[in-house]
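Coordinates in review
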Amino acid sequence: MSSCSRVALVTGANKGIGFAITRDLCRRFSGDVVLTARDSARGRAAVQQLQAEGLRPRFHQLDIDDLQSIRALRDFLRKEYGGLDVLVNNAGIAFKGRVVNVSSMESLRALKNCSPELQQKFRSDTISEEELVGLMNKFVEDTRNGVHQREGWPNSTYGVTKIGITVLSRIHARNLSAHRRGDKILLNACCPGWVRTDLTGPQAPKSPEEGAETPVFLALLPSDAEGPHGQLVTEKKVVKW
């Protein structure tokens, strides 16, 4: 078992915002930081880059679409640390502490372009994970059939996926409050802003380091913090869903 009792984990961290978050956590988190990536070679290269800067992240392979990979990481965290203190992004393996899911303000913009009926469903304080999955599947089917706009959906696949992340975060936070209040877990979705990455290109105004600021702020909320929890946060501020 590691001599360090605290651990933070960042998924998809071999480049872009995830890499910048890992670097910042290595500097500021009082514990180990685990960098994960789907591709082991790229992940280990990212770790070597940070080691050249005098930082000491650990590496573990993770493919969030592969249940066996998720379980292997879960078992590693349990064996080495007894759990997990901070999770940035989402791999379904959080145990305690802080969970930060990277969403986008595009989720809110897409929500406002949904029909009133869909807006009501996505804003509901009682929507279940099963109901959310059903809505996401309906969007896929409606899009495949070319009727998504007629059915009240916005014309943005990216925006709808981010609706899913934001609403799922709200659901998980609500469940934590109901069943694990004593653990004092704070779970939020956040928007890093428009960041220069492989996806957005060089025209975006923010650097990856600037995009990491809000996720790291949420990851390092003090132990006595009571919030935010179940919120969408951008520029370190809660926005109304």
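Please refer to the structure higher up on the page.
Let us look at the structure shown here. Note that this is a predicted model, so its numbers are computed, not measured.

1. Here we look at the environment of Leu187
Turning to its location among the elements, Leu187 is positioned in strand E6 (residues 186-191). Placed 62 residues apart in sequence, Leu187 and Asp125 show a C-alpha to C-alpha distance of 16 Å. When neighbours within four sequence positions are excluded, Leu187 is seen to be in contact with Val99, Asn101, Ser169, His172, Ala173, Leu176, His229, Gly230 and Gln231.

2. A look at the pattern of salt bridges
Evaluated as defined, the whole model comprises 16 salt bridges. The partner of Glu80 in a salt bridge is Arg58, and the shortest N-O contact between them spans 3.2 Å. Of this pair, Glu80 sits in helix H3 (residues 67-81) while Arg58 sits in strand E3 (residues 58-61), and the two are 22 residues apart along the sequence. Where Arg180 meets Asp183, a salt bridge forms, and the shortest distance between an N and an O atom there is 2.7 Å. Accessibility expressed as a relative area gives 38% for Asp183, which makes it partly exposed.

3. Section: the side chain of Thr36
As for its placement among the helices and strands, Thr36 is situated in strand E2 (residues 32-37). Looking at Thr36, the relative accessible area reads 1%, which means it is buried. Apart from the residues within four sequence positions on either side, Thr36 is in contact with Leu9, Val10, Thr11, Gly12, Ala13, Asn14, Phe59, His60, Leu62 and Leu73.

Conventions and cut-offs
Residues numbered from 1 in each chain as written. Predicted model: local features only at pLDDT ≥ 70, side-chain atom pairs only at ≥ 80, totals over all residues. Heavy atoms only, no water. Helix = DSSP H or I, 4+ residues; strand = E, 2+ residues; numbered from the N terminus. Contact = heavy atoms within 4.5 Å. Salt bridge = Lys/Arg side-chain N within 4 Å of Asp/Glu carboxyl O. Buried < 20%, exposed > 50% of the residue type's maximum accessible area, 1.4 Å probe, protein only.

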